[in-house]
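Take a look at the letters that make up each chain.
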Amino acid sequence: MSKPKVLLTRQWPEAAEARAKELFDVQLNEDDHKMSVEELQDAMKTYDAVCPTVSDFQITSEILDVEDRKCKVLCNFGVGFNNIDTDAAKAVGVVVTNTPDVLTDCTADIAMTLLLMVARRAGEGERLIREKKWSGWRPMHMLSTKVTGKKLGFIGFGRVAQAVAQKAHFGFGMELSFYDPYPPSDDVIKKFSATKLESIEDVLKSADFVTLHCPGGGSNTNLMNAERLGMMKKSAFLINTARGDVVDEPALVQAIRDGVIAGAGLDVFAKEPSVTEDLLSMDNVVMFPHLGSATTETRVAMGMCSLDNVKAFFDGEEPPNRVA
Ligand code: DGY
């Protein structure tokens, strides 16, 4: 029997590409270019499975509704799948899967890195040294915000949030509160001595650091708007490792400029890879180029997870990480 034809829309780590070659008749993207809408439309006609990712053009009905579509399953390389219009996929009977769990810890590490860096002015300090502007230790130099023992508020308390909670509570003695319309079990809440709050606003008002862990898109777009930013403490920092569109970027710029909040740590942006120009000159903003899952170990594991889903689908089994 011939092997299923599978397209990886971007370059993957070597070990994951090697497994893809063993299992399937695979097409790699060797020069790692962003595929055009036309290429993705062609892919729908050519491959049995496509493994897309967050930085591709969104897979909407424009791509899915091609004549003679061959593609039956989209095995996303990524836990967030807002790059796929799942309603459009469902409408034409294309299955969608994602890669949860394998990136939980590394994404949480990046949230903690941002939190620590922005609070302790680490980016600013490093720039000072590189620019050869450091004039030496003195009692009043670069005073910053203590992290240990502070209040950390979560918007969304799923897998990544709980991994942040683990590090923040047990590593830094932080007091935790959260809002999640689908809260975890009482055991999980008890483990972190976390306080479950009834609204996003309750979290914003009480936290020294607010960290976002909700999906992007839909009603979460611009969830952190001017009004909600205005509810945070003046001394508080916003951390975003979720999706860029969850924060109204112009409103964030204004809030930071006006001293409504103390600063932000951002791993994701509304219109990646472009970044609102005003953020670039703000010393109290730490920015990473969407690094949440960017460790070799995790990216290999994401590839393997995506392939497990392709394999299960063509073995006639329910893919382990089906989301639509
Ligand atoms: C994820 O897995 O959601 C990462 O943000 C990359 O898409």
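Just so we're clear, the structure is a prediction, and the values are computed from it rather than from any experiment.

Engineer: Lay out the sheet that holds strand β12 (residues 285–287) with the relevant residues and their values.
Structural biologist: Remark on secondary structure: sheet strands pair via backbone hydrogen bonds, oriented parallel or antiparallel. In space, the seven strands of this open sheet follow the order β8-β7-β6-β9-β10-β11-β12, with parallel pairing throughout. Both outer strands of the open sheet, β8 (195–196) and β12, are each paired with one neighbouring strand and no more. Of the strands in this sheet, β6 (151–155), β9 (209–212), β10 (237–240), β11 (263–266) and β12 touch helix α5 (residues 104–119), which is tilted by about 155° from β10. Packed onto the sheet, helix α11 (residues 249–257) meets β10, β11 and β12 and runs at close to 140° relative to β11.

Engineer: Explain the sheet that holds strand β1 (residues 5–8) to me, using residue names and the numbers behind them.
Structural biologist: Strand order across the open sheet formed by five strands is β2-β1-β3-β4-β5, with parallel pairing between neighbours. Strands with a single pairing partner mark the edges of an open sheet, and in this sheet they are β2 (25–27) and β5 (95–97). Recorded for the sheet is a direction-independent mean angle of 20° between the axes of neighbouring strands. Two strands pair when backbone bridges link them, and β1 and β2 are joined in this way by three bridges, in the parallel orientation. Paired with V6 across the strands is V26, a residue of β2.

Engineer: Account for the pairing of β11, with residues named and values stated.
Structural biologist: Here β11 shows a buried face lined by G263 and G265 and a second buried face lined by A264 and L266. Here β10 pairs with β11 via four bridges, running parallel. Within the sheet, the bridge partner assigned to F237 lies in β11 and is G263. As for the winding sense of the linkage, the β-α-β connection from β10 through α11 to β11 is right-handed. When β11 meets β12, the two strands line up parallel, connected through three bridges. Bridge assignment links A264 to a residue of β12, and that residue is V285.

Engineer: Explain the site of the ligand to me, and be specific about the residues and the numbers.
Structural biologist: What surrounds the ligand is the set V54, G78, V79, G80, L103, R243, H290 and M302. In the environment of the ligand, an oxygen atom lies 2.7 Å from a nitrogen or oxygen atom belonging to the backbone of V79. Side-chain polar atom of R243 to an oxygen atom of the ligand: 2.8 Å apart, as the coordinates give it. Relative to its unbound accessible area of 230 Å², the ligand is 88% covered by the protein chains.

Engineer: Explain the packing of aromatic side chains to me, and be specific about the residues and the numbers.
Structural biologist: This structure, assessed with the given rule, holds seven aromatic pairs. Here F313 and F314 contribute two aromatic rings whose centre-to-centre distance is 5.0 Å and whose plane-to-plane angle is 80°, an arrangement assigned as edge-to-face. A relative accessible area of 21% places F313 in the partly exposed class. Grouped by ring-pair contacts, the aromatic residues F154, F157, F170, F178 and F192 constitute a single cluster. The ring of F57 has K34 lying over it, and the distance from NZ or CZ to the ring centre is 4.2 Å.

Engineer: An account of helix α1 (residues 14–23) is requested, with residue identities and associated values reported.
Structural biologist: Restricting attention to buried positions, one finds in α1 the residues A16, E17 and A20. Looking straight down α1, one finds its buried side chains confined to an arc of 100°; they lie on one side. Away from its buried face, by an angle of more than 90 degrees, α1 presents the exposed residues E14 and E22. At its buried positions, α1 is contacted by β1, β2 and α12 (296–314).

Engineer: I'd like to hear about the domain arrangement of the chain, residue by residue, with values.
Structural biologist: The domain boundaries assigned to the chain delineate domain 1 (5–101 + 296–314) and domain 2 (104–287). Taking only C-alpha atoms, the centre of domain 1 and the centre of domain 2 are 31 Å apart. Roughly 500 Å² is buried in total at the junction of domain 1 and domain 2, and carbon and sulfur atoms are behind 41% of that figure. The three residues of domain 1 that bury the most area against domain 2 are N82, D101 and T298, which together make up 67% of that side's buried surface. D101 serves as the salt-bridge partner of R159, at 3.7 Å between the closest nitrogen and oxygen.

Cut-offs used in this document
Residues numbered from 1 in each chain as written. Predicted model: local features only at pLDDT ≥ 70, side-chain atom pairs only at ≥ 80, totals over all residues. Heavy atoms only, no water. Pairing = 2+ DSSP bridges. Helix = DSSP H or I, 4+ residues; strand = E, 2+ residues; numbered from the N terminus. Contact = heavy atoms within 4.5 Å. Axes fitted to C-alpha atoms, helices over the stretch in contact; angles between N-to-C directions. Buried < 20%, exposed > 50% of the residue type's maximum accessible area, 1.4 Å probe, protein only. Right-handed = clockwise from strand over helix to strand, strands pointing away. Near = heavy atom within 4 Å. Polar contact = N/O pair within 3.5 Å; in protein donor to acceptor, adjacent residues only side chain to side chain. Areas by Shrake-Rupley, 256 points an atom, 1.4 Å probe, with all protein chains shown as cover. Phe/Tyr/Trp six-rings, centres within 6.5 Å; stacked < 30°, edge-to-face > 60°. Lys NZ or Arg CZ within 6 Å of the ring centre and 35° of its normal. Arc of directions from axis to C-beta. Domains from an automatic or database assignment. Buried area = accessible area lost by both parts, 1.4 Å probe. Salt bridge = Lys/Arg side-chain N within 4 Å of Asp/Glu carboxyl O.

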